[in-house]
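Residue-level structural notes
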Amino acid sequence: MEDEVFDQIVAVINSLVSWVAAGAMVFGGVVPYIPQYRDIRRTQNAEGFSTYVCLVLLVANILRILFRFGRYFETLLLLQSIVMITTMLIMLNLCTNVRMATELNTKRRTFIATDSKDEEIRIPNRIFLDFDWNHFWSWSHFVDYLQCVLAFTLVAAYITYLLLDSAVFVETLGFLAVFTEAMLGTPQLHCNYQNKSTEGMSIKMVLMWTSGDTFKTVYFLFTQAPVQFWTCGLLQVFVDLSILFQVYYYSRYPQKPVSHTVSLASSAKAL
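Now for a look at the structure at hand. Bear in mind that the values here come from a model prediction, so they are computed numbers and not experimental data. (Residues numbered from 1 in each chain as written. Predicted model: local features only at pLDDT ≥ 70, side-chain atom pairs only at ≥ 80, totals over all residues. Heavy atoms only, no water.)

Tyr 33, Phe 49 and Trp 137 are the most contacted members of the largest nonpolar core, which has 56 residues in total. Only helix 1 (2-27), helix 2 (33-43), helix 3 (52-70), helix 4 (75-113), helix 5 (142-163), helix 6 (167-182), helix 8 (203-222) and helix 9 (227-252) provide two or more residues apiece to this core. A total of 11 residues in this core trace back to one element, the largest contributor, which is helix 4. Apart from the residues lying within four places of it in its own chain, the contact partners of Trp 137 are Thr 51, Tyr 52, Cys 54, Leu 55, Leu 58, Leu 92, Tyr 145, Cys 148 and Val 149. (Core = buried A, V, L, I, M, F, W, Y, C linked by side-chain atoms within 4.5 Å. Buried < 20%, exposed > 50% of the residue type's maximum accessible area, 1.4 Å probe, protein only. Helix = DSSP H or I, 4+ residues; strand = E, 2+ residues; numbered from the N terminus. Contact = heavy atoms within 4.5 Å.)

Following this line, the structure appears as structure tokens:
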């Protein structure tokens, strides 16, 4: 009798752990963006966050979903991709609105200083359908990002449909999906390098990236996921650690004076 009760308790614990792990896999990837989202809304400053991070994750997760048509993998990973795509679109919407509001306020201050009328204020209208490479991924409206994502999805889906019977194409598609995701931190790494500072970037977000990518890589290894998943997971962890090194280096050896606006943003993110 006691053995049966013990076995039931163990079964319940195992089930609970499985559900927690599943929830962490599906929603854990979006948690790091919560502090960054809140920081941008609070400070109305999106300069420290690279929207190319959103681009990388959108491409990676769209390709991963298409990869599933050629080679089956866990439904949890499919749900994770859907949740991540939704989150990145929300981040893009916020960053676009904040950036345009900042440009408008800057123009307004300039016009007021020169005694110009408010109706003369004009913001350059950059749209996706102009196909101007100089303005790629820095458009004026969120709908242009949606158009770009939809166009990429349709083209990629059509190519996948044509070449789905090719094992080489399917494996290459899987590699591109996880390799692109592994490059997630590189836009932020480059942004920090260009700015010679990590101000405006949420350190909490990067710490969560690191812990999440470590957990995810271990999960891939234990569940015997395709080799592309865990090898690129290791690469992600390396990039995350490189960004954390930038945080240490630029705080220890400042490369440029910190502006008042950015200082407000950083003070709101203190750990």
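Looking now at the pattern of salt bridges. A complete count under the given rule lists three salt bridges for this structure. Residue Glu 181 is joined to Arg 64 by a salt bridge in which the shortest nitrogen-to-oxygen separation is 2.8 Å. Taken together, the positions of Glu 181 in helix 6 and Arg 64 in helix 3 put the pair 117 residues apart, joining distant regions of the chain. Relative accessible area serves as the criterion here: at 2%, Arg 64 is assigned to the buried category. Its salt-bridge partner being Glu 171, residue Arg 71 comes within 3.2 Å of it at the nearest N-O pair. You can see Arg 71 sitting in the loop between helix 3 and helix 4 and its partner Glu 171 sitting in helix 6, a full 100 residues away along the chain. Overall, Arg 71 belongs to the partly exposed group, its relative accessible area being 33%. Of the residues examined, Glu 171 reaches a relative accessible area of 31% and is grouped as partly exposed. (Salt bridge = Lys/Arg side-chain N within 4 Å of Asp/Glu carboxyl O.)

With that settled, the discussion passes to a nonpolar patch on the surface. Taken together, the side chains of Val 155, Tyr 158, Ile 159, Tyr 161, Leu 162 and Leu 163 make up a nonpolar region of the molecular surface, amounting to roughly 650 Å² of accessible area. Along the chain, Tyr 161 falls in helix 5. Taking the relative accessible area as the measure of exposure, Tyr 161 reaches 65% and is therefore exposed. (Patch = residues over 30% accessible without salt bridge, like charges linked within 9 Å, V, L, I, M, F, W, Y side chains within 5 Å. Areas by Shrake-Rupley, 256 points an atom, 1.4 Å probe, with all protein chains shown as cover.)

Below, the discussion takes up the packing of helix 3 against helix 5. How two helices pack is summed up by the angle between their axes together with the distance between the axes. At a minimum axis distance of 10 Å, the contact between helix 3 and helix 5 shows a crossing angle of 30°. Put simply, helix 3 runs roughly parallel to helix 5. As for the relative orientation of helix 3 and helix 5, their crossing is right-handed in sense. In contact with Leu 58, Val 59, Ile 62, Leu 63 and Leu 66 of helix 3, helix 5 contributes Val 149, Phe 152, Thr 153, Ala 156, Ala 157 and Thr 160. (Axes fitted to C-alpha atoms, helices over the stretch in contact; angles between N-to-C directions. Parallel < 35°, antiparallel > 145°, perpendicular 65-115°, else oblique. Left-handed = near helix turned anticlockwise from the far one by under 90°.)

Before going further, it helps to examine unusual backbone geometry. Located in the positive-phi region is Gln 44, a residue other than glycine, with phi close to 55°. Its relative accessible area of 42% is what places Gln 44 among the partly exposed residues. Of note in this structure, Trp 137 is not a glycine but carries a positive phi near 60°. Inspection of the secondary structure puts Trp 137 in the loop between helix 4 and helix 5.

The terminal C-alpha atoms of helix 6 lie 22 Å apart, and with 16 residues this matches the ideal 22 Å at 1.5 Å per residue to within 8%. For helix 6, the set of buried residues is Phe 169, Val 170, Leu 173, Gly 174, Ala 177, Val 178, Thr 180, Glu 181 and Ala 182. (Expected span 1.5 Å × (residues − 1).)

The geometry of helix 2 relative to helix 8 is characterised by a closest axis approach of 7 Å and an angle of 165° between their N-to-C directions. Taken together, helix 2 and helix 8 sit at an angle that is classed as roughly antiparallel. The two elements helix 2 and helix 8 cross, and the hand of that crossing is left-handed. Residues Tyr 33, Pro 35 and Gln 36 of helix 2 lie in contact with helix 8, whose contacting residues are Lys 204, Met 205, Met 208 and Trp 209. A breakdown of the residues in the contact of helix 2 with helix 8 according to their chemical character gives five nonpolar, one polar and one charged. (Nonpolar A, V, L, I, M, F, W, Y, C, P; charged D, E, K, R; others polar.)

Among the residues of helix 2, those classed as buried are Tyr 33, Pro 35, Gln 36, Asp 39 and Ile 40. Summarising the axial view, the buried residues of helix 2 lie within an arc of 160°, below the 170-degree limit, and thus occupy one face. Opposite the buried face of helix 2, by more than 90 degrees, sit the exposed residues Arg 38 and Arg 41. Positioned one or two residues after helix 2, Gln 44 has a phi angle of 55°, which is positive. (Arc of directions from axis to C-beta.)

All right, on to the packing of aromatic side chains then. Following the criterion strictly, the structure yields 14 aromatic pairs and no others. With centroids separated by 5.5 Å and ring planes inclined at 85°, the aromatic side chains of Phe 136 and Trp 139 adopt a geometry described as edge-to-face. Taken together, the ring pairs connect Phe 128, Phe 131, Trp 133, Phe 136, Trp 137, Trp 139 and Tyr 145 into an aromatic cluster. Above the plane of the ring of Tyr 193 lies Lys 196, whose end atom (NZ or CZ) is 4.0 Å from the centre. (Phe/Tyr/Trp six-rings, centres within 6.5 Å; stacked < 30°, edge-to-face > 60°. Lys NZ or Arg CZ within 6 Å of the ring centre and 35° of its normal.)

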